[in-house]
Each structure stands twice: as C-alpha cells, then as structure tokens.
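Observations on the three-dimensional arrangement
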Amino acid sequence: MHRLRHIIHKCPSVLRRTKSLCSHVTWQQARLKTQGPPVLPVPPVQRGQKRFSTAEAVEAGHPSRMRERTLTMETLNPQVKAVEYAVRGPIVIKAGELERRLQQGVKQPFTEVIKANIGDAHAMGQQPITFLRQVVALCCFPELMDSPSFPDDAKRRAKRILQDCGGQSLGSYSASQGVECIRQDIADYITHRDQGVPSDWNNIYLTTGASDGIMSILKLLVSGEGSSRTGVMIPIPQYPLYSAAISELGAVQINYYLDEANCWALDIEELQQAYLTAKQHCQPRVLCIINPGNPTGQVQSKKCIEEVLHFAYEENLFVMADEVYQDNVYSSKCQFHSFKKVLYEMGPEYFNNVELASFHSTSKGYTGECGFRGGYMEVLNMDPQVKAQLLKLLSVRLCPPVSGQAAMNVIVNPPREDEPSYAQFTKEKSSVLDALAHKARLTEQILNSVPGIKCNPVQGAMYAFPQIFIPPRAIQEAQSLSLAPDMLYCLQLLEETGICVVPGNGFGQREGTYHFRMTILPSPEKLKVLLEKLKEFHLTFLEKYSQQEPSKTTTAKCQSNQTDDPFT
C-alpha cells in the first residue's frame with residue numbers, strides 16, 4: 001500500500017485518473033440505490049461464435065426465462081373471438097390440407113380438390129377482360145403508351161387516370177375518396193344505368209372492394225348501450241361479411257328470413273315482425289339488402305324493393321344496398337333494379353329523405369377481378385356533419401389501392417361503340433355472362449334430379465344454395481361430434497370426393513333445414529364432374545344413414561304459393 005501511494009505521489013497523471021475513478025465509483029453507487037444495476041452493452045458476436053435465440057438459450061440452460069405473453073386468448077378482444085367467416089372457415093382449411101397431401105403424393109379417393117366455396121372467378125379459370133388489363137397495364141407502366149400493341153382507347157383512358165394521380169404515377173396516394181376523374185366517371189355510369197336519375201360525384205367514395213365500404217358505413221351507424229345499442233337487420237341466409245362485421249363492432253344482429261318456397265323472395269311481413277321483435281332489446285337503425293342475392297341467387301322485383309324502401313322510410317332506417325352482382329342476372333323473367341332508381345321513382349318525399357348507401361365491386365360481374373380489391377359506394381341523404389366524419393374515417397386508411405380504382409374505372413367507363421376495343425370487349429363480356437347463365441341452369445337441373453336435394457332457380461349472382469335432406473341418424477351422429485348436420489355432410493363430401501362447398505349454417509337458415517352453398521364458376525366441364533360426383537355422394541350418404549330414401553324432389557314453384565315439402 002505504501003509503495004502504491006509513492007507511485008501516485010510521483011505521477012500526477014495517475015493521481016488525476018485515480019480521483020476520477022473514485023468519483024465514478026461513488027456516482028455508480030448512488031445510481032444503484034435509485035435506478036438498479038446498469039444495462040451493459042452486448043458485445044458483438046465474434047466470428048465462429050453462436051448467437052442463441054431466446055428459445056435456444058432456454059434449451060441450452062441459459063439462465064433467462066420465457067416471460068408471460070401479453071396477448072393470449074384470455075386477453076384477446078372478445079369481439080374478435082365472436083367473428084366467424086364460413087366462406088374461409090374449417091372446411092376450407094381442411095381442403096387446403098388435403099391439397100397439400102395430394103401434392104406430397106399421399107393417396108386420396110380423388111385426384112384434385114375442387115374449391116367451389118368462394119366466388120373467385122379467375123381462380124376457377126375465368127379469363128380476364130382484355131381491355132381492363134390493358135388500361136391497368138398502361139397505368140402501371142406508362143412506357144407501354146408507345147407500343148402499337150395497345151389500342152388508342154385504352155391509352156386515352158390510362159392517360160386521363162394518370163393525369164389525376166400525384167406525379168402522374170399509379171404508385172402515389174390518391175385522395176381518400178378516390179381519384180377525382182374516376183369518381184366522375186362512376187357518377188356518369190350510375191346516371192346512365194338508372195336512365196337519367198342524377199348522380200353527384202361528391203357522393204361517390206372509392207373503396208377497397210365493397211367490403212371496405214360496408215364496414216365503414218356500419219362503423220358510423222353502431223352506437224349506444226343496452227337497449228339503445230344499434231340493431232342491424234340482415235337477410236337470412238346472408239353473406240357472412242355482415243354477421244362478422246356486426247360481431248366485430250358489437251352491434252345487435254336482427255335476422256329476417258327470406259322465403260325459400262317463393263324463390264327466396266323478401267317478405268315485407270317477415271321484415272316487420274323481425275323489426276318489432278328486435279325493438280324490445282335494441283334500437284334497429286340499419287337495413288341491409290343483398291340484390292342479386294348471395295348465397296341465394298334471387299333477383300328482387302321492383303315491387304319488393306318499393307315495399308322495402310317504404311318500410312325503411314316509415315321506420316327511419318338507414319338502407320345499405322349490396323348490389324355487387326348487378327351485372328349477374330340470368331333469368332329472362334328477372335331484371336336488376338337499383339335501389340336508388342326505385343327510390344327516385346317513388347317521389348321527392350322518399351328520394352330526398354331515405355338514407356341510402358349502395359355498393360359495387362370489381363370482384364364480381366363479368367370481370368371477376370377479386371385481387372385488385374376495387375369498389376365504390378354512393379351515399380345519399382347523409383347529414384353533412386356526419387359526411388365529414390365519414391371522410392375523416394376514410395382518411396385514416398389513406399386511400400384504396402389506386403390500381404383497383406383504375407380497374408373500377410374500366411367497368412364504369414367501358415369502350416364505346418365507336419372505339420376500336422368495343423367489338424372484342426363486347427364479345428368477351430357476353431361470353432362470360434352467357435357461360436354463367438348456362439352454368440346456372442345446368443346446376444339447378446342436375447341438383448333437382450337428385451332425391452333429397454331441392455334447388456331454387458339461380459336467377460342471378462354466382463351461387464346455388466340447395467336444401468338437402470339429412471337423415472335423422474346422420475343428425476344424431478353430427479350432434480355426437482358437436483357438429484352442425486350440414487357441416488358433417490360437407491366434411492364427408494370433401495373427404496370422399498375432394499369437393500369443397502360451404503355448409504348452410506355459416507350463412508344462416510331456418511331451424512330444421514339444411515343447405516350448402518356452391519359457386520357456379522368452374523368451367524362447364526369441371527362443373528358437370530362436380531355435380532355428378534356430388535349426386536353420387538348424396539345417394540351414398542342417404543343409403544348410409546337412411547332406412548328409406550325420400551321421394552324425388554322437384555324444383556320450388558317460384559311463381560306460385562305452393563309449399564309442398566319435397567322431403568316427405
């Protein structure tokens with residue numbers, strides 16, 4: 001110690017460093033009392049050394065421990081847990097597993113999985129509309145404007161869209177409501193569609209598919225607690241987006257049942273009864289209509305729409321008209337009537353007061369461009385202050401995909417008769433819609449030839465929703481497995497044939513009835529195979545679970561009030 005003091009005394013620089021070190025130690029001691037031990041920097045990993053992940057460190061005996069997770073099923077938002085979406089539910093997950101097994105060479109009773117569960121036209125082999133892809137391609141890669149392979153009318157549309165985009169690029173954000181010239185074209189399209197009924201482009205909002213618009217409007221409408229909580233009236237059967245959105249937002253679902261014996265028509269008395277019953281425990285504020293229907297394929301008559309709008313006027317309901325299948329009408333006895341046009345024809349008292357949001361999409365119709373996620377909504381008679389809140393809400397997600405907006409523009413602004421692309425465009429559009437009409441008739445015909453299956457005419461949209469007879473023994477087996485009877489049916493159909501359809505319980509149905517939804521989108525050849533395999537499976541299913549087969553079904557009498565039970 002004496003020698004150390006001598007060295008420090010002889011070397012002033014050592015003395016300074018020693019005093020500094022003592023001061024630092026004193027500071028660290030004070031810090032430990034107030035803040036705990038310091039966090040030491042992690043030394044860089046040297047070449048040849050192994051860096052452990054948390055899991056590996058625990059396995060290797062590292063003293064660190066796994067902390068408790070913040071997000072668990074117990075802490076998860078209960079409204080998210082309540083959401084169900086049958087179109088991509090357990091059946092579809094199972095179909096994906098079977099597909100992977102086939103790819104791995106695992107033998108199955110079938111050679112391919114046929115996914116008839118969802119309205120994804122291009123996935124089922126439908127070819128794109130050339131003009132739409134040309135315009136979007138030109139918007140995405142403007143250098144193609146110099147190519148003689150692209151027609152002038154496609155180039156004109158692409159240039160017009162790009163002029164309204166920031167930096168004349170599809171890669172820029174648009175206004176939250178959408179590209180201005182596209183909104184103007186949509187308003188012109190609606191005016192033409194509705195034979196002169198005026199449309200204001202300031203009421204047009206571009207959306208990420210129709211689903212985005214539907215969700216945005218519901219967000220505005222859901223409020224209150226207890227008996228004042230917003231009730232949303234939806235058709236049963238319904239498209240599961242609606243029940244899922246209602247669950248997510250914590251609204252109250254109000255079911256009104258479509259009349260299966262009358263081709264899934266909307267019965268106004270059923271609507272009134274559902275409303276009066278719901279008023280006892282919630283505040284009905286919203287009425288949702290799907291026309292043409294999904295999953296039911298019906299096209300509502302003008303008289304029916306008038307009755308619905310009168311009911312909404314009387315009960316002060318906000319009307320949401322899902323019209324994404326407006327181009328998909330196959331029956332010569334049916335015609336699409338927009339809710340807006342019918343409302344206008346009912347007179348100013350209705351047209352200037354009923355709050356109406358109508359929706360359209362690139363995903364359906366004759367284009368089937370699901371992946372672009374394009375769509376729009378037109379909103380009528382919304383309070384100006386609420387309209388500002390809607391724009392604020394839409395601003396949070398910045399804007400819909402601009403490529404999807406461009407695709408939507410082609411649908412509302414197709415080639416005109418005097419333009420070079422008109423002939424090819426008309427041929428392709430007619431080809432798609434004619435094929436769908438043929439497949440709609442084929443589906444109805446084959447399904448109705450099967451004992452124990454009843455299928456109403458597919459008047460529009462892209463689906464059949466047949467009722468199926470399920471024997472009591474099969475119902476008992478389903479209950480023992482904690483499955484809905486039509487879920488058991490669809491699972492066995494998938495496992496034995498590779499056909500993926502969606503059980504009716506995912507869409508809603510009257511108690512004691514069972515259905516499944518299938519799309520009519522596969523090619524005619526594949527659709528025939530699908531229907532014949534389904535027919536064979538159903539007969540085997542009946543034989544497996546029944547003592548006696550039910551009598552052969554007949555098509556529902558859509559133009560009469562006959563309600564004969566085909567399953568007796």
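Since the structure is predicted, the reported quantities are computational estimates derived from the model, not experimental observations. Per chain, residue numbering runs from 1 following the sequence as it is written. Only residues with pLDDT of 70 or above have their local features reported here, since the model is predicted, and side-chain atom pairs are shown and tallied only from 80 upward, although totals for entire chains, interfaces and linings are computed over all residues. Excluding hydrogens and water, the side-chain values take into account all heavy atoms of the structure.

A short note on the overall build of the protein chain
Comment: elements are numbered from the N terminus, with helices defined as DSSP H or I runs of at least four residues and strands as E runs of at least two. The number of helices and strands found in the protein chain is 20 helices and 14 strands. Put simply, the protein chain has 568 residues, and 50% of those count as buried. If you take every contact in the protein chain between residues at least 6 apart in sequence, the share linking residues at least 24 apart comes to 71%. For the protein chain, the computed accessible surface area is about 28700 Å², with 51% contributed by carbon and sulfur atoms. The cut-offs for exposure are 20% and 50% of the maximum accessible area for each residue type, with area from a 1.4 Å probe on protein chains only; residues under the lower value are buried, those over the upper are exposed, and the others partly exposed. Two residues form a contact once any of their heavy atoms are found within 4.5 Å. For accessible areas, the Shrake-Rupley method is used with a probe of radius 1.4 Å. Any residue's cover is judged against the shown protein chains and nothing else.

Concerning the environment of glutamine 108
Structurally, the position occupied by glutamine 108 is in the loop between α5 (90-103) and β1 (114-115). Given the relative accessible area of 22%, glutamine 108 is considered partly exposed.

A look at unusual backbone geometry
For the bond running from isoleucine 236 to proline 237, omega is 5°, close enough to zero to count as cis. Mapped onto the elements of the fold, proline 237 is located in the loop between β3 (230-236) and α10 (241-249). In this structure, proline 292 follows asparagine 291 across a cis peptide bond, with omega equal to -10°. The topology assignment puts proline 292 in the loop between β5 (283-290) and α12 (302-315). Despite not being glycine, arginine 373 has its phi angle at roughly 50°, a positive value. By secondary structure assignment, the location of arginine 373 is in the loop between β7 (356-361) and β8 (374-380).

Here we look at the sheet that holds strand β14 (residues 516-519)
Two strands are said to pair when DSSP picks up at least two bridges between them. Ordered by their spatial adjacency, three strands build an open sheet running β10-β14-β13, and the pairing between neighbours is antiparallel. One side of each edge strand has no neighbouring strand; the edge strands of this open sheet are β10 (463-464) and β13 (502-503). By the bridge criterion, two bridges tie β10 to β14 in an arrangement that is antiparallel. Its bridge partner being in β14, tyrosine 463 is matched across the sheet by threonine 519.

Considering the nonpolar core
The tendency in soluble globular proteins is for nonpolar side chains to be buried as a group. Grouped together as the largest cluster of nonpolar side chains are 122 residues, with contacts concentrated most on Ile186, Ile217, Met320, Tyr489, Met518 and Leu534. When residues of this core are assigned to their parent elements, the largest contribution, nine residues, is made by helix α17 (residues 422-447). Excluding anything up to four places from it in sequence, leucine 534 contacts Leu447, Ile453, Tyr489, Leu493, Ile499 and Phe516. Leu258, Val308, Phe351 and Phe465 belong to the second-largest nonpolar core, a separate cluster that totals 36 residues. Residues belong to a common nonpolar core when they are buried Ala, Val, Leu, Ile, Met, Phe, Trp, Tyr or Cys residues joined through side-chain atoms within 4.5 Å.

Overview of α10
Taken across its nine residues, α10 has seven buried, putting it largely inside the fold. Where α10 is concerned, the buried positions are Leu241, Tyr242, Ser243, Ala244, Ala245, Ile246 and Leu249. Looking at the packing, one finds that the buried side of α10 touches α4 (78-81), α9 (209-221), β3, β4 (252-257), β5 and β6 (318-322). After α10 finishes, the residue glycine 250 shows a positive phi value of roughly 70°.

Here's the deal with helix α16 (residues 402-412)
For α16, the buried fraction is high: 10 of the 11 residues fall into the buried class. For α16, the complete set of buried residues consists of Val402, Gly404, Gln405, Ala406, Ala407, Met408, Asn409, Val410, Ile411 and Val412. Elements that come into contact with the buried residues of α16 comprise α6 (130-140), α7 (152-163), α8 (180-193), β2 (204-208), β7 and β8.

Some details on the environment of lysine 427
When you line up the elements, lysine 427 lands in helix α17. In this structure lysine 427 comes out as exposed when scored by relative accessible area, which is 66%. Along the backbone, lysine 427 and isoleucine 129 are 298 residues apart, and their C-alpha atoms lie at a distance of 9.9 Å.

Details of the pattern of salt bridges
Each salt bridge in this description consists of a side-chain nitrogen of Lys or Arg and a carboxyl oxygen of Asp or Glu lying within 4 Å of one another. Under the criterion given, the structure shown has 16 salt bridges. Lysine 526 is the partner of glutamate 112 in a salt bridge, and the nearest nitrogen-oxygen pair spans 3.3 Å. Of the two residues, glutamate 112 is situated in the loop between α5 and β1 and lysine 526 in helix α20 (residues 524-545); the sequence distance between them amounts to 414 residues. For glutamate 112, a relative accessible area of 34% gives the class partly exposed. Residues lysine 302 and glutamate 345 are paired through a salt bridge, measuring 2.9 Å at the closest nitrogen-oxygen approach. Taken together, the residues lysine 302 in helix α12 and glutamate 345 in helix α13 (residues 339-345) connect sequence positions 43 residues apart. On the basis of relative accessibility, which here comes to 31%, the residue lysine 302 falls in the partly exposed class. Put simply, Arg156, Arg157, Arg416, Asp418 and Glu419 are held in one network by salt bridges that share partners.

Let's talk about the packing of α8 against α16
Interaxial angle, 0 to 180 degrees, is taken between N-to-C directions of lines fitted to C-alpha atoms, where a helix line uses only the stretch in contact. Running from amino to carboxyl end, α8 crosses α16 at an angle of 30°, the nearest separation of the two axes being 9 Å. The pairing of α8 with α16 is recorded here as roughly parallel in orientation. The handedness of the crossing between α8 and α16 is left-handed. Taking contact as the criterion, the partners of Ile182, Asp185, Ile186 and Tyr189 in α8 are, on α16, Gln405, Ala406, Met408, Asn409, Ile411 and Val412. Its residues assigned to classes, the contact of α8 with α16 shows seven nonpolar, two polar and one charged. Convention used here: angles under 35 degrees read as roughly parallel, angles over 145 as roughly antiparallel, angles from 65 to 115 as roughly perpendicular, and any remaining angle as oblique. Helix crossings fall into two classes, left-handed where the near helix is turned counterclockwise from the far one by less than a right angle and right-handed where it is turned clockwise. Only Asp, Glu, Lys and Arg are considered charged in this grouping, and only Ala, Val, Leu, Ile, Met, Phe, Trp, Tyr, Cys and Pro are considered nonpolar; every other residue, Gly among them, is considered polar.

Section: the side chain of lysine 364
By the secondary structure assignment, lysine 364 is in the loop between β7 and β8. The convention is simple: Lys and Arg are positive, Asp and Glu are negative, and His and the chain ends are not counted. For lysine 364, which is buried and forms no salt bridge, the nearest opposite charge comes from aspartate 120, at a distance of 7.2 Å. In protein, a polar contact means a hydrogen-donor-capable atom and an acceptor-capable atom, both N or O and within 3.5 Å, with residues adjacent in sequence counting only if both atoms are side-chain atoms; elsewhere, any N or O pair within 3.5 Å suffices. At 2.8 Å, the side chain of lysine 364 and the backbone oxygen of glycine 119 are in polar contact. Excluding its chain neighbours within four sequence positions, the residues that come into contact with lysine 364 are Gly119, Val324, Tyr325, Asn328, Met462 and Tyr463.

Some words on the state of the cysteines
Disulfide assignment relies on a single distance test, namely cysteine sulfur atoms paired within 2.5 Å. Summed over the entire model, instances satisfying the criterion amount to zero disulfides. Between cysteine 334, a free cysteine, and cysteine 263, which holds the nearest cysteine sulfur, the sulfur-to-sulfur gap is 7.4 Å.

Observations concerning the packing of aromatic side chains
The relation between two aromatic rings is expressed through the spacing of the ring centres and the mutual angle of the planes. The aromatic pairing rule takes the rings of Phe, Tyr and Trp, using the six-membered ring of Trp, and pairs them if the centres are within 6.5 Å, calling planes under 30 degrees apart stacked, those over 60 edge-to-face and the rest tilted. Enumeration according to the criterion identifies 12 aromatic pairs in this entry. Centre to centre, the rings of phenylalanine 465 and phenylalanine 507 are 5.7 Å apart; their planes meet at 80°, and the pair counts as edge-to-face. Residue phenylalanine 465 is found in the loop between β10 and β11 (467-468), and its partner phenylalanine 507 is found in the loop between β13 and β14; the two are separated by 42 residues along the sequence. The class for phenylalanine 465 is buried, based on a relative accessible area of 3%. The class for phenylalanine 507 is buried, based on a relative accessible area of 1%. An aromatic cluster is present here, built from Tyr489, Phe516, Phe537, Phe541 and Tyr545 joined pairwise through their rings.

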